[in-house]
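Spelled out from the first residue to the last, the chains are:
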Amino acid sequence: MTMTDDRPDAPAPSAASSRPNGIAARLAAVVTPLLGGQLPVRLKAWDGTVAGPADAPTVVLRDPAALRRLVRHPGELGLAQAYVTGELDVEGDLLDGFRRVWSTARDLAGGRPSAGTVAAVAKNGIRTAFDLGVVGLPPEPPVSQARLRGRLHSKSRDRSAIEHHYNLSNDFYSLILDPHMAYSCGYWTSTDPGYTVEDSQRDKLDLVCRKLGIEPGGRHLDIGCGWGSLSLHAAEKFGAQVVGVTISSEQKAFIDERTRERGLQDRVEIRLQDYREVPDGPFDTISSIEMGEHVGQKNYPTFTGQIHRLLRPGGRALIQQMSRTTRPGGGPFIEAFIAPDMHMRPVGETVDLIEQAGLEVRDVHAMREHYVWTVNAWYDTFEANWDRVVAMVGEEVGRVWRLYLVGGALAFEEGRMGVDQILAVKPTTDGRSGMPPVRAW
C-alpha cells in the first residue's frame, strides 16, 4: 500500500540526490554502525537526498522536527509521533518496511555493538544534529496522543482511557469492523476465498457460547461488552438472559438501538457500569472478550476476584485476552495513542492470576494466527475507505490507525503478541466442575 506519492511518472532520483554530503547520507552514516553496516530501508531526507538500498521501502523525513522527536523519545514512541504528524512518511508497503526493520533488529540482537561503537555513534550523532540545526526543544506531542489524569486505574481514569479509544464514533468503527461489530480476534474455520471476517466473528461467537455451555434462560454476564456482538449473539442464538456492562456511552447507545431493532429487550440489559460495581450475581456464565488487558496489573486480582464472586458454583467463565511476551504493558505507541494504561503479560502469568482467584482453568486455546487474519481484514477495509476515514476523524487520527493496524498485524505474525481463550470454572465446595468429560467444541 503506497503511503506517499510514488506515481510511475515521478522523476527518478538525480545523481545529486545520493550525494555523500547530503542529509540522508549523513544520517545514514550515524546509524548504520548500529545496524550491521547497512540500512534496512531507503532513507529520503528533506533536502531531497537519499541513502540506502534502492529496492527497500523508503522512509521519508519531511521535517527536521521528526529528528527532534526521536532525540527526545528514541525508538517506537518518537517514530510514531513523527509518523502520525506527517513529519515522517513511508513510500511503498508499510508492513514490508516494518518487517525489514524488525528483521534487522532480530539479526542484531545476538551481537550487540560494543561500548566503543555506541560511544562513537553518540558523538557523531550529536555533532551531526548540531550541524543540521535540529537541536532544540522537541515539538509538542501530537493532538491525537492521549492525555490522562488521575490515579492509575481509578474508575474515573479508566473511563477516560476507554472514552479516548472507543468513543471515537460508532460510525468510524462501523466502517472498519464486520456487521457484528466484533472488535476482537475472529476464529477462522475456513480457507475458502469466500469466507470473510464476518464469518470468522460469527464462528468465534458460536465457539465462546459453546465453550461456556450457554443454555436457554441461563444468566450471562458480558464484562466489557463492546458493541454487543457477544451479548446479542448469546441472547438471540442461545437464548441467554444477558447483562452486558461497558463504561463507553457510545457503545451502550449502539447496543440499545440494536437490541430494540431485534426485539431482544426482554433478554438483553446493557448497563453503563464499571465491572467493579456489578452487584447482582450469581451468573451461570461470564465472558470477558479482550477487556482484561485494560484493567491493569495491580487491579487484575480485583477483576478475577469479581468474576469468582459473581459466578455461581459450577458456572463457567471465558476470558479472551491478548498477551505479550517481549515486555509487559501495551508498548509505547499503543499506550500513548490507542489504549492508555493497557497491560499485557505472558499468558502463563494470566492463568496463574485466574487460578489464584479460586477459578479452575480447564482450557487454554491459543489463537495468535487468527488475529493476523483478522487485523489484515480490518486493514484492507480501512485502506479501501481511507478518504471516508479522513473525513470522519481527520488525517492525523487516520495515520494513528494505519500505524496501529499494520503494527498489530506484524506483532501477532512474528509472535511478539498473542491472544488466547482461557476457559475456567468455579468448582462446587466438594470439587465438582460440571464440565463435560469430552469437549463439546
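Above this note sits the structure.
Residues numbered from 1 in each chain as written. Predicted model: local features only at pLDDT ≥ 70, side-chain atom pairs only at ≥ 80, totals over all residues. Heavy atoms only, no water.

1. Things to note about helix α15 (residues 386-393)
Line of reasoning, step 1. Restricting attention to buried positions, one finds in α15 the residues Trp-386, Val-389 and Val-393. Within α15, the buried residues cover an arc of 55° as seen down the axis, which keeps them to one side. Exposed residues lying more than 90 degrees from the buried face of α15 are Asp-387 and Ala-391.
Line of reasoning, step 2. The inward-facing, buried residues of α15 abut α7 (170-176), α14 (368-384) and α16 (395-413).
Line of reasoning, step 3. Gly-394 lies just past α15 and shows a positive phi near 90°. (Buried < 20%, exposed > 50% of the residue type's maximum accessible area, 1.4 Å probe, protein only. Helix = DSSP H or I, 4+ residues; strand = E, 2+ residues; numbered from the N terminus. Arc of directions from axis to C-beta. Contact = heavy atoms within 4.5 Å.)

2. A look at the pattern of salt bridges
Line of reasoning, step 1. Across all of its chains, the model carries 22 salt bridges by this definition.
Line of reasoning, step 2. Notably, a salt bridge pairs Lys-211 with Asp-363, separated by 3.9 Å at the nearest N-O pair. Here Lys-211, found in helix α8 (residues 197-212), pairs with Asp-363, found in strand β10 (residues 360-366); they are 152 residues apart in sequence, far enough to count as distant. Each member of the pair, Lys-211 as well as Asp-363, is classed as buried.
Line of reasoning, step 3. Here Arg-312 ties to Asp-284 by a salt bridge, and the two come within 2.7 Å at their closest N and O atoms. (Salt bridge = Lys/Arg side-chain N within 4 Å of Asp/Glu carboxyl O.)

3. Topic: the sheet that holds strand β9 (residues 311-324)
To summarise the sheet geometry, strands pair through backbone hydrogen bonds and adopt either a parallel or an antiparallel arrangement.
Line of reasoning, step 1. Strand order in the open sheet formed by seven strands is β7-β6-β5-β8-β9-β11-β10, and the pairing between neighbours is mixed. For this open sheet the edge positions go to β7 (268-272) and β10, each flanked by a neighbour on one side alone. On average, adjacent strands in this sheet sit at an angle of 15° to one another, irrespective of strand direction.
Line of reasoning, step 2. Strand direction decides the pairing type here: strand β6 (residues 241-246) and β7, joined by five bridges, are parallel. (Pairing = 2+ DSSP bridges. Axes fitted to C-alpha atoms, helices over the stretch in contact; angles between N-to-C directions.)

4. Here's the deal with the environment of Trp-441
Line of reasoning, step 1. Topologically, Trp-441 is positioned in the segment after β11 (417-425).
Line of reasoning, step 2. The class of Trp-441 is partly exposed, set by a relative accessible area of 25%.
Line of reasoning, step 3. Taking the C-alpha atoms as reference points, Trp-441 and Leu-212, 229 residues apart in sequence, are found 9.8 Å from one another.
Line of reasoning, step 4. Apart from residues lying up to four places away in sequence, Trp-441 is in contact with Leu-207, Arg-210, Lys-211, Arg-316, Asp-363, Leu-423 and Met-435.

5. Comments concerning the packing of aromatic side chains
Line of reasoning, step 1. Throughout the structure, instances matching the rule amount to 16 aromatic pairs.
Line of reasoning, step 2. Each ring, one from Tyr-183 and one from Trp-227, has its centre 6.1 Å from the other, and the planes form 65°; the classification is edge-to-face. Placement of the pair is Tyr-183 in the loop between α7 and α8 and Trp-227 in the loop between β5 (219-223) and α9 (229-238), with a sequence separation of 44 residues.
Line of reasoning, step 3. Judged by relative accessible area, Trp-227 falls into the buried class, the value being 1%.
Line of reasoning, step 4. Between Tyr-183 and Trp-378 the ring centres are 5.6 Å apart and the planes differ by 45°, which places this aromatic pair in the tilted class. Of the two residues, Tyr-183 sits in the loop between α7 and α8 while Trp-378 sits in helix α14, which places them 195 residues apart along the sequence.
Line of reasoning, step 5. Judged by its relative accessible area of 4%, Trp-378 is buried.
Line of reasoning, step 6. Ring pairs connect the aromatic residues Phe-172, Tyr-173, Tyr-183, Trp-227, Tyr-371, Trp-378, Trp-401, Tyr-404 and Phe-412, which therefore count as one cluster.
Line of reasoning, step 7. Looking at Arg-219, its charged tip hangs above the ring of Phe-283, at a distance of 4.1 Å from the centre.
Line of reasoning, step 8. Here the basic side chain of Arg-399 rests over the ring of Tyr-83, its NZ or CZ set 4.2 Å away from the ring centre. (Phe/Tyr/Trp six-rings, centres within 6.5 Å; stacked < 30°, edge-to-face > 60°. Lys NZ or Arg CZ within 6 Å of the ring centre and 35° of its normal.)

6. A word on the packing of helix α3 (residues 76-85) against α16
Line of reasoning, step 1. The geometry of α3 relative to α16 is characterised by a closest axis approach of 8 Å and an angle of 135° between their N-to-C directions. Classified by the angle their axes make, α3 and α16 are oblique. The two elements α3 and α16 meet at a crossing, and its hand is right-handed. Between α3, through Ala-80, Tyr-83, Val-84 and Thr-85, and α16, the contact on the second element is made entirely by Glu-396, Arg-399, Val-400, Arg-402 and Leu-403.
Line of reasoning, step 2. Tallied by class, the residues present in the contact of α3 with α16 amount to five nonpolar, one polar and three charged. (Parallel < 35°, antiparallel > 145°, perpendicular 65-115°, else oblique. Left-handed = near helix turned anticlockwise from the far one by under 90°. Nonpolar A, V, L, I, M, F, W, Y, C, P; charged D, E, K, R; others polar.)

7. Thoughts on a nonpolar patch on the surface
Line of reasoning, step 1. A cluster of nonpolar side chains, namely Ile-126, Phe-130 and Val-135, defines an oily patch on the protein surface of about 310 Å² accessible area.
Line of reasoning, step 2. Within the fold, Val-135 resides in the loop between α5 (115-132) and α6 (155-166). (Patch = residues over 30% accessible without salt bridge, like charges linked within 9 Å, V, L, I, M, F, W, Y side chains within 5 Å. Areas by Shrake-Rupley, 256 points an atom, 1.4 Å probe, with all protein chains shown as cover.)

8. Brief notes about the pairing of strand β8 (residues 283-289)
Line of reasoning, step 1. Of all seven residues making up β8, six are buried, and the element is well covered by its neighbours.
Line of reasoning, step 2. Sheet analysis places β8 next to β9, joined by six bridges and oriented parallel. Its bridge partner lying in β9, Ile-289 is registered against Gln-320.
Line of reasoning, step 3. One crossover worth recording links β8 to the parallel β9 by way of helix α11 (residues 300-310), and it is right-handed. (Right-handed = clockwise from strand over helix to strand, strands pointing away.)

9. Focus: the packing of helix α2 (residues 65-72) against α3
Line of reasoning, step 1. Interaxial distance between α2 and α3 falls to 8 Å at its minimum, and their mutual angle equals 155°. Taken together, the axis directions place α2 and α3 in an arrangement best described as roughly antiparallel. As for how α2 packs across α3, the hand of that crossing is right-handed. Each of Ala-66, Arg-69 and Leu-70 in α2 lies in contact with α3, whose residues at this interface are Gly-78, Leu-79, Gln-81, Ala-82 and Thr-85.
Line of reasoning, step 2. In the contact of α2 with α3, the residues fall into four nonpolar, three polar and one charged.

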